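# Per-entry structural report
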Amino acid sequence: MSSICTALIFPRSFLKDQTKLDYKNYTYHRCFKKHMCEVEILHYLIDLDSELKASYELYQYVQHCIKIKDFELLKKTLENKQNIVSSYMKTAIKTINKSINYVENTLKYGYNNSILEGSNNKIKVMKRISFGYRSFYHFRNRIFITQNLAKIKTA
């Protein structure tokens, strides 16, 4: 089986953090016609192409820098590895370098807008399910009740 086809079968292994790869559980894989663990499969696929190996190692290193929130290490990593990685990774590096100040702020401060995005998503789902309220007042009250911002009056 070709390496590209095999890589398409195991895409999650490439995105997984290296520390979370499975070293112990061996399962039979038809592609390889033998029992292999997740790490062996990943190493086999990476060793097929040097560009893939460089891209994978850069991805893992960037993921580690973000996990430990070390901006300077991330910046050095992105500067050093540009020439040997794939064209897709080069595009990603250029995108990160364009917004490097925002990346620094993200790693420096612990703020994000996930709670706000979740609230907006709930409101949009409610709006979609309800097919429109006749009164905006009732729609607004339903939003407040589901977000626990208002209580239902009981008699």
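Refer to the structure presented above.
Our subject in this report is the structure included herewith. (Residues numbered from 1 in each chain as written. Predicted model: local features only at pLDDT ≥ 70, side-chain atom pairs only at ≥ 80, totals over all residues. Heavy atoms only, no water.)

Membership of the largest hydrophobic core comes to 13 residues, with the highest contact counts inside it found for Leu 58, Leu 74, Val 85 and Ile 93. In terms of residue count, the dominant contributor to this core is helix α4 (residues 50-68) (four residues). Sequence-distant contacts of Leu 74, that is, excluding residues within four places in its chain, are made with Val 62, Cys 65, Val 103 and Leu 107. Leu 21, Val 39, Leu 42 and Leu 45 belong to the second largest nonpolar core, which has eleven residues in total. (Core = buried A, V, L, I, M, F, W, Y, C linked by side-chain atoms within 4.5 Å. Buried < 20%, exposed > 50% of the residue type's maximum accessible area, 1.4 Å probe, protein only. Helix = DSSP H or I, 4+ residues; strand = E, 2+ residues; numbered from the N terminus. Contact = heavy atoms within 4.5 Å.)

Now for the packing of helix α3 (residues 38-47) against α4. Close contact between α3 and α4 brings their axes to 7 Å; oriented N to C, the two are set at 125 degrees. By the criterion of interaxial angle, the relationship of α3 to α4 is oblique. Together, Leu 42, Leu 45, Ile 46 and Asp 47 of α3 and Leu 52, Lys 53 and Tyr 56 of α4 make up the contact between the two elements. A breakdown of the residues in the contact of α3 with α4 according to their chemical character gives five nonpolar, no polar and two charged. (Axes fitted to C-alpha atoms, helices over the stretch in contact; angles between N-to-C directions. Parallel < 35°, antiparallel > 145°, perpendicular 65-115°, else oblique. Nonpolar A, V, L, I, M, F, W, Y, C, P; charged D, E, K, R; others polar.)

Its identity as a non-glycine residue notwithstanding, Lys 69 has a phi of 55 degrees, on the positive side. Within the secondary structure, Lys 69 is located in the loop between α4 and α5 (71-80). By relative accessible area, which is 48% here, Lys 69 ends up partly exposed. Even without being glycine, Asn 148 reaches a positive phi, approximately 60 degrees. Position of Asn 148 among the secondary structure elements: in the segment after α9 (136-146). A residue is classified by how much of its surface remains accessible, and Asn 148, at 69% relative accessible area, is exposed.

Looking now at the packing of aromatic side chains. The full count for this structure, using the stated rule, is one aromatic pair. Pairing Phe 32 with Tyr 44 gives two aromatic rings, centres 5.2 Å apart and planes at 85 degrees, and the pair type is edge-to-face. One end of the pair, Phe 32, is in the loop between β1 (27-29) and β2 (34-36); the other, Tyr 44, is in helix α3, with twelve residues separating them in the sequence. (Phe/Tyr/Trp six-rings, centres within 6.5 Å; stacked < 30°, edge-to-face > 60°.)

Take Lys 16: it is sitting in the loop between α2 (11-15) and β1. Put simply, Lys 16 and Gln 63 are 47 residues apart on the chain and 9.7 Å apart in space, counted from C-alpha to C-alpha. For Lys 16, the side chain forms a polar contact with the side chain of Glu 38, separated by 3.2 Å. (Polar contact = N/O pair within 3.5 Å; in protein donor to acceptor, adjacent residues only side chain to side chain.)

Looking now at the side chain of Thr 77. Residue placement: Thr 77 occurs in helix α5. Residue Thr 77 is classed as buried on the basis of its relative accessible area of 5%. Among all residues touching Thr 77, those that are not within four sequence positions of it are Leu 58, Tyr 61, Val 62 and Cys 65.

This next bit is on α5. Given 3.6 residues to a turn, an α-helix orients residues that are three or four positions apart in the same direction. All of the buried residues in α5 are Phe 71, Leu 74, Thr 77 and Leu 78. Angularly, the buried residues of α5 cover 125 degrees about the axis, an arc narrow enough to put them on a single face. Turned more than 90 degrees from where α5 packs its buried face, Lys 76, Glu 79 and Asn 80 sit exposed. On the buried face of α5, the contacting elements are α4, α6 (87-98) and α7 (100-108). (Arc of directions from axis to C-beta.)

Further remarks concern the state of the cysteines. In this structure the tally under the stated criterion is zero disulfides. For Cys 37, which is in no disulfide, the shortest distance to another cysteine sulfur is to Cys 31 and amounts to 15 Å. Taking the relative accessible area as the measure of exposure, Cys 37 reaches 3% and is therefore buried. (Disulfide = S-S within 2.5 Å.)

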